[in-house]
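Chains, contacts and geometry: an overview
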Amino acid sequence: MKIFHSINDFQCTKKTILTLGTFDGVHVGHKTILEKLTQSTENGLYESLVLTFFPHPRMVLQEKSEIKLLNTISEKTELLAQIGIQNLVIHPFDETFSRLTAEEFVKTILVDRFQIHKIIIGYDHRFGRNRTANIDDLIIFGEEYGFEVEQISAQEIHAVSVSSTKIRTALLDGKMELANEYLGYTYFITGKVVQGKQLGRTIGFPTANIFVPEDYKLIPKNGVYVVHAIIDETVVYGMMNIGFNPTIEDQNQQKIEVHFLDFEGDLYNATLQISIVHYIRDEQKFDSIELLTKQLKNDKKTAVDFLQQINL
């Protein structure tokens with residue numbers, strides 16, 4: 001997949017078939033559109049193109065927006081590449097871009113820059129300054145400028161009744177199975193293993209402390225989870241705690257710590273992708289380290305039992 005970090009950087013020798021949107025989560029609803037896009041270029045006459053934006057438009061246009069996203073931009077790129085998209089344009093979204101009229105957007109970008117043959121879009125898509133133009137306007141522009149408009153019907157989209165908002169809600173409620181069903185894959189976070197206080201080692205539960213640099217990435221609710229990661233090309237299962245370690249330390253910094261069940265080795269500075277499978281329990285404060293250790297042993301048994309039930 002060729003990646004371009006601005007509309008102005010885009011280059012292609014063929015006409016394109018295009019779709020656009022934020023595609024946060026690249027979930028099963030998005031794939032309805034994205035798979036149509038890849039199928040439409042199988043004849044080799046055209047190239048597929050996804051136009052997306054960063055930062056998320058709500059981050060720019062809504063002053064008090066504190067939206068957390070399901071994917072970092074690198075995670076979204078990876079997911080789109082897996083689908084088979086040939087070209088990805090990640091355009092910087094700002095107020096100047098948001099002021100383009102619908103016709104300016106169609107003429108100067110879709111037609112002049114992207115040389116589109118067809119655009120595939122949802123029936124309810126709105127675009128242009130203040131999002132005033134709709135699918136009917138796009139069809140008119142297509143007739144004027146010589147490109148096709150393929151509309152994803154309400155029936156097709158509603159058949160996969162999924163939205164990024166529903167997934168965010170499920171993750172913040174700890175409903176991992178529901179979130180993963182909506183996504184069509186296991187939700188994951190990507191981070192670097194950093195030095196911790198190594199207190200877990202002293203009670204028999206050494207952990208990898210995961211630092212996620214992108215503060216806009218949605219982290220599921222605090223608690224204990226069953227997870228897995230690929231280490232040295234091998235899937236390794238573990239349990240993860242998200243929270244503030246209230247038994248051991250009193251501080252306001254959220255931490256992500258993973259104890260791997262069958263792994264010994266130095267992971268410092270490694271970048272890991274932690275896939276979150278199942279929610280075990282809320283984070284708790286215990287009256288002693290001994291009680292915490294006892295609970296961690298119970299959590300480990302719960303995690304192992306869960307993995308055996310799903311034959312992993």
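Now for a description of the structure that goes with this document. Quantities reported herein were computed from a predicted structural model and do not represent experimental measurements. Each residue is numbered by its place in its chain's sequence as written, counting from 1. Since the coordinates come from a predicted model, pLDDT governs what is reported: local features require at least 70, and pairs of side-chain atoms require 80 or more to be given and counted, while whole-chain, interface and lining totals use all residues. Values reported for side chains reflect all heavy atoms of the structure, with hydrogen atoms and water molecules removed beforehand.

Thoughts on the overall build of the protein
- What the protein contains, in helices and strands, is 11 helices and 12 strands.
- Reported as C-alpha extents along the three principal axes, the dimensions of the protein are approximately 75 × 40 × 35 Å.
- For the exposure calls, accessible area comes from a 1.4 Å probe over protein chains only, and a residue counts as buried if that area is under 20% of its type's maximum, exposed if over 50%, partly exposed in between. Split into buried and exposed, the 312 residues of the protein put 48% on the buried side.
- It only takes one pair of heavy atoms within 4.5 Å for two residues to be counted as in contact. Counted over contacts in the protein with a minimum sequence separation of 6, partners at least 24 positions apart contribute 74%.
- Of the roughly 16000 Å² of accessible surface on the protein, a fraction of 48% belongs to carbon and sulfur atoms.
- A gap of 2 Å separates the mean positions of the 31 positive and 41 negative side-chain charges of the protein. Where helices and strands are cited, they refer to DSSP runs of H or I of at least four residues and of E of at least two residues respectively, numbered from the N terminus. Reported accessibility uses the Shrake-Rupley method at a 1.4 Å probe radius. Residues are deemed covered only where the shown protein chains occlude them. All tallies of charge rest on Lys and Arg as positive and Asp and Glu as negative; His and the ends of each chain are not included. Charged groups are reduced to one reference atom each: NZ for lysine, CZ for arginine, CG for aspartic acid, CD for glutamic acid.

A few points about unusual backbone geometry
- The amide bond that connects phenylalanine 54 to the next residue, proline 55, takes the cis arrangement and shows omega of 5°.
- One non-glycine residue, valine 26, lies in the positive phi region at around 40°.
- Mapped onto the elements of the fold, valine 26 is located in the loop between β2 (16–20) and α1 (28–40).
- Residue classification places valine 26 among the buried residues on the basis of a relative accessible area of 1%.
- Not every positive phi belongs to a glycine, and arginine 131 is a case in point at roughly 55°.
- Tracing the backbone shows arginine 131 in the loop between β5 (116–122) and α6 (135–145).

Some details on the packing of aromatic side chains
- Stacked, edge-to-face and tilted labels apply to pairs of Phe, Tyr and Trp rings (six-membered ring for Trp) whose centres lie within 6.5 Å, assigned for plane angles under 30 degrees, over 60, and everything in between, in that order. Under the definition given, this model contains 11 aromatic pairs.
- Residues phenylalanine 53 and phenylalanine 97 carry aromatic rings whose centres are separated by 5.4 Å and whose planes lie at 50° to one another, so their mutual orientation is tilted. With phenylalanine 53 in strand β3 (residues 47–54) and phenylalanine 97 in helix α4 (residues 95–98), this residue pair connects regions lying 44 residues apart in the sequence.
- With a relative accessible area of 12%, phenylalanine 97 lands in the buried category.
- Seen in terms of ring centroids, tyrosine 225 and tyrosine 279 are 5.0 Å apart; in terms of plane orientation they differ by 70°. Their pairing is edge-to-face. Note that tyrosine 225 is positioned in strand β9 (residues 223–231) and tyrosine 279 in strand β12 (residues 271–281), a separation of 54 residues in sequence.
- Its relative accessible area of 16% is what places tyrosine 279 among the buried residues.

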